[in-house]
Amino acid sequence: MGRCAVKRPAIVALIPAAGVGARAGGKIPKQYQQIAGAPMIVHTILALKKIARIVEIIVVVSPEDAYADQLITADAGITIIRVGGATRAETVRNGLSNLRRRYEARDWVLVHDAARCCVPPTRVDALIDACTDHEVGGLLAIPVADTLKRAAGDGCVTETVDRRALWQAQTPQMFRLGMLQDALATVKLAEVTDEASAIEQAGFAPKIVLGASRNLKVTFPDDFAIAEALLQQAHGAS
């Protein structure tokens, strides 16, 4: 008799997109603002769609979202769910609860910022390669390049911070669905700025995988021009 094949854990992507991005300016939430001919979130989705191992992309929007259905083209690999919360962490937690209805605790989830529309698919593949057999999971990050200063309340420098062991966290961040769900259930969501921090507070050590400087998070008005240039460069090279 032949051995039964062991089912490998599924890999799904989750994009929290319930915020408005007030620092970016604009009349509509930043994830829907136009960059290089399309809403920013569309570029983000298209980047993740290039990863063949991702079986589904989940976009989590707020219940009151008036743009997603109009601007995101629905197809077999994209699901929009309206369970977004007041914070990013709450939105992710609610999205994970929805995923658990269809996926198992051992399956992988890659949480990716809607505003990181320039993520290179090659780095996402590298993250998956590095984490598939890791007991915890990990995240994309780049070494801190700038000199860091610590300032007092009066705005004056008190010290220069040693940057040699410091990394700037990016997304995607890849963890087991059940582990991440459990971690988010035990922390104060208002204090969680990314998924790795919740995993760390739960007592685990995520793996760092080298990201890319082009994987910037569009946050301020000037960032839109930078992202557009990077997207046009990528499209011209493809």
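Refer to the structure above for everything that follows.
Reference entry: report on the structure contained in this document. Numbers given for residues are sequential positions, taken from 1 along each chain in its written order. For a predicted model such as this one, the threshold for reporting local features is a pLDDT of at least 70, and the threshold for listing and counting side-chain atom pairs is 80 or more; totals across whole chains, interfaces and linings nevertheless cover every residue. Side-chain numbers come from the whole structure's heavy atoms, not from hydrogens or water.

Each residue's exposure class comes from its accessible area (1.4 Å probe, protein chains only) as a fraction of the maximum for that residue type: buried when under 20%, exposed when over 50%, partly exposed otherwise. Numbering goes from the N terminus for both helices and strands, where a helix is a DSSP run of H or I of at least four residues and a strand is a run of E of at least two. Along helix α4 (residues 121-131), the residues that are buried comprise Val124, Ala126, Leu127, Ile128 and Cys131. Residue contacts follow a heavy-atom distance rule, with two residues in contact if any of their heavy atoms lie within 4.5 Å. Packed against the buried residues of α4 are β1 (11-16), β6 (108-111), β7 (137-143), β10 (167-176) and β11 (207-210).

With that settled, consider the packing of helix α3 (residues 88-99) against helix α5 (residues 177-185). Helix axes use the C-alpha atoms of the stretch in contact, all axes being lines fitted to C-alpha atoms, and the angles between their N-to-C directions lie in the range 0 to 180 degrees. The N-to-C vectors of α3 and α5 enclose an angle of 135 degrees; their axes lie 10 Å apart at closest approach. Looking at the two axes, α3 sits oblique to α5. For α3 against α5, the interelement crossing comes out left-handed. Between α3, through Ala89, Val92, Arg93, Leu96, Ser97 and Leu99, and α5, the contact on the second element is made entirely by Leu177, Leu180, Gln181 and Leu184. Classification convention: Asp, Glu, Lys, Arg as charged; Ala, Val, Leu, Ile, Met, Phe, Trp, Tyr, Cys, Pro as nonpolar; all other residues, Gly among them, as polar. Here the contact of α3 with α5 is built from residues that sort into seven nonpolar, two polar and one charged. With respect to orientation, any angle under 35 degrees is reported as roughly parallel, any angle over 145 as roughly antiparallel, any angle of 65 to 115 as roughly perpendicular, and every other angle as oblique. Left-handed describes a crossing whose near helix is turned anticlockwise from the far helix through less than a right angle; right-handed describes the clockwise counterpart.

Glancing now at the environment of Pro143. As for its placement among the helices and strands, Pro143 is situated in strand β7. Owing to a relative accessible area of 43%, Pro143 belongs among the partly exposed residues under this scheme. Excluding residues that lie within four positions of it along the chain, Pro143 makes contacts with Leu166, Trp167 and Leu210.

Here we take up the nonpolar core. One finds Ile41 and Val59 to be the most contacted residues of the largest nonpolar core, which totals 31 residues. Contributing elements (two or more residues each) for this core: β1, α1 (40-49), β4 (54-60), β6 and α4. Aside from chain neighbours lying at most four places away, what touches Val59 is Ile15, Ala17, Ile41, Ile45, Ile72, Ile78, Thr79, Ile80 and Ile81. Grouping buried Ala, Val, Leu, Ile, Met, Phe, Trp, Tyr and Cys residues that are joined through side-chain atoms within 4.5 Å yields what is termed a nonpolar core. The next biggest cluster of nonpolar side chains, apart from the first, holds 27 residues, and it includes Ala89, Val111, Ala196 and Ile199.

On to the pairing of β1, then. A large share of β1 lies buried, amounting to six of its six residues. Because side chains alternate across β1, one face comprises the buried residues Ile11, Ala13 and Ile15, and the other comprises Val12, Leu14 and Pro16, equally buried. Here, a strand pair is defined by DSSP locating no fewer than two bridges between the strands. Here β1 pairs with β4 via six bridges, running parallel. In the strand pairing of β4, Ala13 is matched with Ile57.

The next thing to look at is a nonpolar patch on the surface. Where nonpolar side chains cluster on the molecular surface, the patch consists of Trp167, Ile208 and Leu210 and spans about 280 Å² of accessible area. On the secondary structure map, Ile208 appears in strand β11. A patch consists of residues whose relative accessible area exceeds 30% and which take part in no salt bridge; residues with like charges are grouped when within 9 Å of each other, and nonpolar side chains (Val, Leu, Ile, Met, Phe, Trp, Tyr) when within 5 Å. Accessible surface area values rest on a Shrake-Rupley calculation with a 1.4 Å probe, where residue burial reflects the displayed protein chains alone. Between Lys or Arg on one side and Asp or Glu on the other, a salt bridge is scored when a side-chain nitrogen of the former is within 4 Å of a carboxyl oxygen of the latter.

Let us look at the pattern of salt bridges. Any two side chains of opposite charge can pair, on the condition that their charged atoms come close. For the structure on display, the rule yields nine salt bridges. Two residues, Arg53 and Asp125, come together in a salt bridge whose shortest N-O distance is 2.8 Å. Here the residue Arg53 occupies a position in the loop between α1 and β4, and Asp125 occupies one in helix α4, the gap between them amounting to 72 residues. Since its relative accessible area comes to 34%, Arg53 is described here as partly exposed. Where Asp113 meets Arg116, a salt bridge forms, and the shortest distance between an N and an O atom there is 2.9 Å. Overall, the relative accessible area of 7% leaves Asp113 in the buried class. One connected set of salt bridges, linked through shared partners, spans Arg88, Asp113, Arg116 and Glu195.

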